[in-house]
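Structural description and commentary
Listed here are the chains, written in short residue letters.
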Amino acid sequence: MRINNIEGLSVSQIREMVNNGGKFVFFPFTISILIMTFQRTSDIYFIRPGESTVKYSYGYILLNLFFGWWGFPWGPIYTIGCIYRHIVGGKDITQPVLSDLIQNDPDADTAAYGINNMINPIEETTAAGQTYNIPR
């Protein structure tokens, strides 16, 4: 899934915005064709602090209203659920997305603890005589 609205931001800037009220959301939508009903989700959108989700969700609301109702019996049921989800601001998935961004941050300095060079904690020297400072 693609994340929209984070262009030019570093992970630390995104984390700061999330701490100030930003969030990651997606918008579900329903498409029905007589006896078949499909539920899908939009891309992920980063909603900045103080920003409204309406400008990202109105297209999906219209898609639900025009194409969601026509499948029986699930079309109307799924469409009402999707429209409700839009009214409350989308499906909030901030924690999993932020966790994934932090874990895959290219600017993070994970070498500070010697994780890639870890040796036996009992013997703190290698065969070559190098000593590592392993935190305990």
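Residues numbered from 1 in each chain as written. Predicted model: local features only at pLDDT ≥ 70, side-chain atom pairs only at ≥ 80, totals over all residues. Heavy atoms only, no water.

1. Some remarks on the side chain of N4
Mapped onto the fold, N4 is located in strand β1 (residues 3-4). Given the relative accessible area of 10%, N4 is considered buried. Once residues within four sequence positions are removed from consideration, N4 is found in contact with D43, I44, Y45 and F46. (Helix = DSSP H or I, 4+ residues; strand = E, 2+ residues; numbered from the N terminus. Buried < 20%, exposed > 50% of the residue type's maximum accessible area, 1.4 Å probe, protein only. Contact = heavy atoms within 4.5 Å.)

2. Some points on the pairing of strand β3 (residues 28-33)
Sheet topology places β3 next to strand β4 (residues 36-41); six bridges connect them, and they run antiparallel. Of the residues in β4, the one forming a bridge with P28 is T41. If you look at the hairpin formed by β3 and β4, you'll find two residues sitting between the two strands, and L34 has a positive phi there, around 50°. (Pairing = 2+ DSSP bridges.)

3. What about a nonpolar patch on the surface?
Taken together, V54, Y58, L62, L65, F66, F67, W69, W70 and I80 make up a surface patch of nonpolar side chains, about 970 Å² in accessible area. Looking at the nonpolar patch, the element that brings in the most residues is helix α2 (residues 54-67), giving six residues. For Y58, the position within the fold is in helix α2. Since its relative accessible area comes to 51%, Y58 is described here as exposed. (Patch = residues over 30% accessible without salt bridge, like charges linked within 9 Å, V, L, I, M, F, W, Y side chains within 5 Å. Areas by Shrake-Rupley, 256 points an atom, 1.4 Å probe, with all protein chains shown as cover. Salt bridge = Lys/Arg side-chain N within 4 Å of Asp/Glu carboxyl O.)

4. Some remarks on the nonpolar core
Formed by I6, V11, I14, V18, F24, F26, I44, F46, I93, V97, L98 and L101, the largest nonpolar core amounts to 12 residues. Looking at this core, the elements that each hand over two or more residues are α1 (11-19), β2 (23-26), β5 (44-47) and α4 (94-103). Not counting residues within four places of it along the chain, the set of residues in contact with F26 comprises T41, S42, D43, I44, G90, K91 and I93. Of all hydrophobic cores here, the second largest spans seven residues; its members include V25, F29, Y45 and Y56. (Core = buried A, V, L, I, M, F, W, Y, C linked by side-chain atoms within 4.5 Å.)

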